[in-house]
Each structure stands twice: as C-alpha cells, then as structure tokens.
Amino acid sequence: MKKVLLASACLFALAAPASAADLAARPYTKAPVAPMASVYNWTGFYLGIVGGGAWEASSGDPKMKGGFVGGTAGYNWQTGNVVFGLEADGSWADVSASATALGLTVSSKTDALGTVRGRIGWAVNNVLFYGTGGYAWIDNKLSLSALGVTVSDSKWHSGWTVGAGVEAFFAPQWSVKGEYLYRSLGGETYFSGAVPSGTLNFHTVQVGVNYHFGAPVVAKY
C-alpha cells in the first residue's frame, strides 16, 4: 500500500503543473475602445443669411412694421468658454407705414437696414449664449402724395443697437441662431429741412443660418 500511495503522489505532482499551465492559457481579449466625443471650437470666420421682422417702438399710430432679409459676416475668438466676436449684417427691407389727412398722404418706408456689432458670450459645447451691441443704420424714404402727385426724399439714419441671442451648431460647420435687437436711429430732416423725422426706434427679431469656415469641431476621447 505504501508503494501505491507514493506512486500516486508522484503522478499527482507531475500532473499538477501541466493542469495549471492549461488553466493559465486563456485567450487575449482586446480592451473596448472608448467612445469619441465632439467638442466645438467657435473660433473662425463665418458667412450666413439672416431674416426677420421689425416694428416701430412708438406709442402712437400708425407704426412702421414689416420684414427684411439679407446677409451676415463675422469672426469669433474663443478662450475657454468665453467667445468674443465681430459681426456685420445688411438687409433689404420693407418696413413701412402711412397716414392720410386733409387729402395728403404721408408714407415712410425703410428700404434697407444693417448693423456692425461686437458680441460676447458663453459657449456650452455647441451652444452659444451671447449679448451684442454696436452701430446701426437704415435707409429710409419719406413720400408725400396729394392730387395724384408724389414727391419723395431718402435719408440715411445712423444710431446704435443692443440685444441678445443664442446660436447652436446643428451640423459640422453649420449653425442656426435667433436674435433680438433694439435699434435707435437718429432723426433726419427731409425735403431740405422742411420735414423733421425725429428719432426712429425699432424692435427687431431675426433668425439666421451661418457657415463656419475652417474646422470648428475638435474630436477627442
């Protein structure tokens, strides 16, 4: 019996390392790749289209109101979450009002409007919340009609604007924005000083789509 036990112990001792080696030989499994996240960088030049509506900020009637459509251009700089920018826009417009009294009709129509503004905002990845302000202008025409005769005079009004908006990338290099601007334009005198206009103040709401040149999307793990 003693010889049998010794022989069994020897066999077990020889078989154990082989079994351990078999257990250690496991297939290699590659670690899963981490998902890729997109981080948006707002720095760069952009062009776009813009359109919206305007109405006169006045307590009296009739009030000038109407729509406009045009183009915009700008450049952004981003540092951390803060975005600085410069933007200019110009639009064809049909913002008008008219009144008739004692057979005389007076019409005022803004044919074009635009701004040159600074912007500063806070970016949350692909969304930018911003305030804006700067120079504003309109090209306005005043017309007087009586007895089938109409005379007109056009003046360029300059002033200031301030407002706020939100812009968001909806695809690489493409963004959409919504914006409110209050515009205050200084008065002018029409018909060689015979008809003063007074200050013209407008509320405007506009939307736009911009194309950003370069590579605003930075991919990282």
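Residues numbered from 1 in each chain as written. Predicted model: local features only at pLDDT ≥ 70, side-chain atom pairs only at ≥ 80, totals over all residues. Heavy atoms only, no water.

Student: I tried to follow the environment of R183 on my own but got confused; where do I start?
Tutor: Summarising the element assignment, R183 is placed in strand β8 (residues 174-185). Since its relative accessible area comes to 1%, R183 is described here as buried. Sequence-wise, R183 and H203 are 20 residues apart; in three dimensions their C-alpha atoms are separated by 6.5 Å. The contacts of R183, once residues within four sequence positions are left out, are F68, L113, G114, T115, W160, T161, L200, N201, F202, T204 and Q206. (Helix = DSSP H or I, 4+ residues; strand = E, 2+ residues; numbered from the N terminus. Buried < 20%, exposed > 50% of the residue type's maximum accessible area, 1.4 Å probe, protein only. Contact = heavy atoms within 4.5 Å.)

Student: Looking at this model, I keep getting lost on the confidence of the model for the chain. Mind explaining?
Tutor: Fine structural detail should not be taken from predicted coordinates in areas where pLDDT scores are low. In this model, the chain carries a mean pLDDT of 86, and residues with pLDDT of at least 70 account for 80%. Taking the mean pLDDT of every element in the chain, the minimum, 43, falls on helix α1 (residues 2-24) and the maximum, 98, on β8. Throughout residues 1-23 the model reports pLDDT below 50, and contacts reaching past four residues in sequence, or to other chains, amount to zero contacts. (pLDDT = per-residue confidence, 0-100.)

Student: What should I look at first to understand the pairing of strand β6 (residues 127-146) in this one?
Tutor: In regular strands, side chains alternate between the two faces of the sheet. Pairing of strand β5 (residues 104-124) with β6, which is carried by 19 bridges, proceeds in the antiparallel orientation. Of the residues in β6, the one forming a bridge with W122 is F129. Hairpin connection of β5 to β6: two residues between the antiparallel strands, including N125 at a positive phi of 60°. Two strands pair when backbone bridges link them, and β6 and strand β7 (residues 149-171) are joined in this way by 20 bridges, in the antiparallel orientation. The partner of A136 across the bridge, within β7, is G159. The antiparallel hairpin formed by β6 and β7 contains two residues in its connecting segment, where L147 sits at a positive phi of about 55°. (Pairing = 2+ DSSP bridges.)

Student: Help me understand empty space enclosed by the protein in this model?
Tutor: To locate leftover empty space, one rolls a probe as large as a water molecule over the atoms. Taken as a whole, this structure holds one cavity of 30 Å³ or more when the rule is applied. Of the voids in this model, the largest cavity is the one considered here, and its volume is about 40 Å³. Around the largest cavity, the lining residues are A54, V95, T110, L113, I138, R183, F202 and T204. Among the secondary structure elements, those contributing two or more residues to the lining of the largest cavity are β5 and β11 (200-212). (1 Å grid on protein atoms, 1.4 Å probe; cavity = no way out; pocket = protein on both sides within 12 Å on 5 of 7 lines; lining within 4 Å. Points joined across faces, edges and corners; volume = space filled by probe spheres on them.)

Student: I tried to follow the side chain of E167 on my own but got confused; where do I start?
Tutor: Its location among the elements puts E167 in strand β7. Residue classification places E167 among the buried residues on the basis of a relative accessible area of 0%. At 2.6 Å, the side chain of E167 and the side chain of S175 are in polar contact. Of note is the side chain of E167, whose polar atom sits 3.1 Å from the side chain of N210. (Polar contact = N/O pair within 3.5 Å; in protein donor to acceptor, adjacent residues only side chain to side chain.)

Student: It is not clear to me how the pattern of salt bridges should be interpreted in this structure. Could you clarify?
Tutor: Oppositely charged side chains may form a pair once their charged atoms are brought near each other. One pass over the full model with this rule turns up eight salt bridges. Here R117 makes a salt bridge to E87, at a shortest N to O gap of 2.8 Å. Placement of R117 in strand β5 and of E87 in strand β4 (residues 82-101) is noted, with a sequence separation of 30 residues between them. Considered together, R117 and E87 belong to a single accessibility category, that of buried residues. Salt-bridge contacts for R117 lead to D89; the nearest nitrogen and oxygen are separated by 3.0 Å. Of the two residues, R117 is situated in strand β5 and D89 in strand β4; the sequence distance between them amounts to 28 residues. (Salt bridge = Lys/Arg side-chain N within 4 Å of Asp/Glu carboxyl O.)

Student: Explanation requested: the pairing of β11 in the structure shown.
Tutor: Where strand β2 (residues 44-56) meets β11, 11 bridges bridge the pair, whose relative direction is antiparallel. If you follow G52 over to β11, its bridge partner there is Q206. Two elements, β8 and β11, share 12 bridges in a ladder whose sense is antiparallel. In the sheet register, G178 faces β11, and the bridge partner there is V207.

Student: How should I be thinking about unusual backbone geometry in this particular structure?
Tutor: Backbone phi values are negative for most residues with the exception of glycine, while trans is the configuration of most peptide bonds. Note the cis peptide between D61 and P62, where omega equals 0°. Mapping P62 onto the fold places it in the loop between β2 and β3 (65-79). We note that F191 has phi near 55°; this positive angle belongs to a residue other than glycine. Structurally, the position occupied by F191 is in the loop between β9 (189-190) and β10 (195-196).

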